[in-house]
Amino acid sequence: MNGPLILVWVAVIVLAVLVWRREGEAGLRAGGRSALDIARTLVIRLPLALLTASFLIHIIPVEAMTRLVGPASGLVGIITASLVGGLLPGGPMTSFPIAIVFLQSGAGVPQMVALVAGWSVFALHRMLAYEAPIMGWKFIALRMGASLVLPVLAGLAAGGVVAVTGLSY
Amino acid sequence: MKIARTDIVFAVLAGVTGAMTYARFGSGAVVDALGRAGALFLQILPQLAAGLLIGGLVTRLVSREKVAKWLGGSSGITGLLLASLAGLLTPGGPFTSFPMVYALWIAGADAGALIAFISAWSLLGFNRLIVWELPLLGVEFTVVRYLACLPLPIIAGLIARWLGRWPVFRLAEPEDRGA
């Protein structure tokens, strides 16, 4: 048991109590049924998606990409870092340790912010494993279209924040 | 249980990436990936179940009209702000948040609100911030990163609404059972 897991189950219990007080057992059954409907669509594709993601961790050359970003500076560095961030495989437990490698190799703060933001919004791995099975490809196309500039904006804004506050690491 | 086109796409993806892994790294790597995927599956099950239940229960509490009014196409910036705040507060991993996006979609939220929600969850979510980013990357970097990302979910929501004018980006009605 970890903190976040406890938190989500507390949320489930609170919501269940609220539903029960408003609609009684019938409401709970209806809520459970709609959860089961989605679960049924995931039965085949989720395990396959997780498997694909695990293979990708082997295939994507993380170390080669570390060299690509390095201490790069300026807008080109920010754009490169955004893309590299999007390709980082795995959840926070694999990607943040990789981010430390970049940080220690002397990358600038704006590039690092772009990298973390790129990982957050593009997340190839998360897209394949969860977003596509649940939301479908059309939603992904829309989200990608809407998110394309975000990491670059974040990098530029970080440059501004650093300039104004003098914060660094 | 029905096998949908998406399931076939995933079977092909798993086959192709599996073959690439085998060709380049041998059977050890394939076994390793299988074990990793299995462990991950068991690990996310409790969170996935919670996410699906939260989605299902929320649809009982909030009527379609209310969601459409607060987060629908004519909810304006307020709708995007509300969706961003909800995303920021949503705990758990993608196996919790995406079922919630799905539930909001069925309940009548527009594309802009859905994108703002998921962007806020991924960029500003408290959960990951406290568990991973602060301990691993330090307070100062995290503060800079957070400030720089603060307005992004709203921007993404606005872009999503703007993109909606082209059919390629227009979301269909949710396929209720994911046919």
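Residues numbered from 1 in each chain as written. Chains lettered and ligands numbered in written order. Predicted model: local features only at pLDDT ≥ 70, side-chain atom pairs only at ≥ 80, totals over all residues.

**Section: the overall build of chain B**
In terms of regular secondary structure, chain B is built from nine helices and zero strands. In terms of principal-axis extent, the alpha carbons of chain B reach across some 55 × 50 × 35 Å. Per-residue burial for chain B yields a buried fraction of 47% across its 179 residues. At a minimum sequence separation of 6, the contacts of chain B that also span at least 24 residues come to 80%. (Helix = DSSP H or I, 4+ residues; strand = E, 2+ residues; numbered from the N terminus. Buried ≥ 20, exposed ≤ 12 C-beta atoms within 10 Å, placed from the backbone. Contact = placed C-beta atoms within 7 Å.)

**Quick look at the interface of chain B and chain A**
For interface size, the figure often reported is the accessible area lost on association. Counting residues at the interface gives 76 residues for chain B, matched by 74 residues for chain A. At the level of secondary structure, the elements contributing two or more residues to the side of chain B that touches chain A comprise α1 (5–25), α2 (27–61), α5 (94–106), α6 (111–124), α7 (126–137), α8 (139–149) and α9 (152–163) of chain B.

**Comments concerning the nonpolar core**
Counting residues in each nonpolar core, the largest one holds 97 residues, and the members touching the most others are A:M112, A:V113, A:A154, B:V101, B:L104, B:L114 and B:F117. If one sorts the elements of this core by residue count, helix α1 (residues 3–59) of chain A sits on top with 15 residues. For this core, the domains that each give at least three residues are domain 1 (1–43) and domain 2 (60–165) of chain A. Residues in contact with B:L114, not counting those within four places in the same chain, are B:V101, B:L104, B:W105 and B:A109. (Core = buried A, V, L, I, M, F, W, Y, C linked by C-beta atoms within 7 Å. Domains from an automatic or database assignment.)

**A word on the environment of B:G92**
Residue and element names in this part refer to chain B. Here G92 shows up in the loop between α4 (76–89) and α5. The exposure class assigned to G92 is buried, which follows from the 26 C-beta atoms found within 10 Å. Sequence separation between G92 and A103 is 11 residues, and the spatial gap between their C-alpha atoms is 16 Å.

**Quick notes on the confidence of the model for chain B**
Looking at chain B as a whole, its pLDDT mean stands at 84, while 94% of the residues score no less than 70. Both confidence scores are given for the complex: pTM 0.75, ipTM 0.73. (pLDDT = per-residue confidence, 0-100.)

**Some remarks on unusual backbone geometry**
All names here are of chain A. Despite not being glycine, A123 shows a phi value in the positive range, around 35°. Relative to the elements of secondary structure, A123 occurs in the loop between α5 (109–121) and α6 (124–135). Using a count of 24 C-beta atoms within 10 Å as the deciding quantity, one classes A123 as buried.

**Brief notes about α5(B)**
Residue and element names in this part refer to chain B. For α5, built from 13 residues, the straight-helix expectation of 18 Å at 1.5 Å per residue is met to within 8% by its first-to-last C-alpha distance of 18 Å. Of all 13 residues in α5, 12 are buried, a share of seventy percent or more. All of the buried residues along α5 are P94, F95, T96, S97, F98, P99, M100, V101, Y102, A103, L104 and W105. Just past α5, the residue G108 takes up positive phi, approximately 110°. (Expected span 1.5 Å × (residues − 1).)

**Some remarks on the confidence of the model for chain A**
Interpretation of this model should avoid reading the predicted coordinates in detail wherever pLDDT is low. Across chain A, pLDDT averages 81, with 80% of residues at or above 70. Across chain A, the element-wise mean pLDDT spans from 62 in helix α2 (residues 62–69) of chain A up to 92 in helix α7 (residues 137–147) of chain A.

**With respect to the packing of α5(A) against α8(B)**
For the pair α5(A) and α8(B), interaxial distance at closest approach is 10 Å and the crossing angle is 65°. Here α8(B) runs roughly perpendicular to α5(A), going by the angle between their axes. When you trace α5(A) past α8(B), the crossing you get is right-handed. Contact with α5(A), carried on its side by A:V109, A:M112, A:V113, A:V116 and A:A117, involves B:F141, B:V144, B:R145, B:A148 and B:C149 of α8(B) and no other residues of that element. (Axes fitted to C-alpha atoms, helices over the stretch in contact; angles between N-to-C directions. Parallel < 35°, antiparallel > 145°, perpendicular 65-115°, else oblique. Left-handed = near helix turned anticlockwise from the far one by under 90°.)

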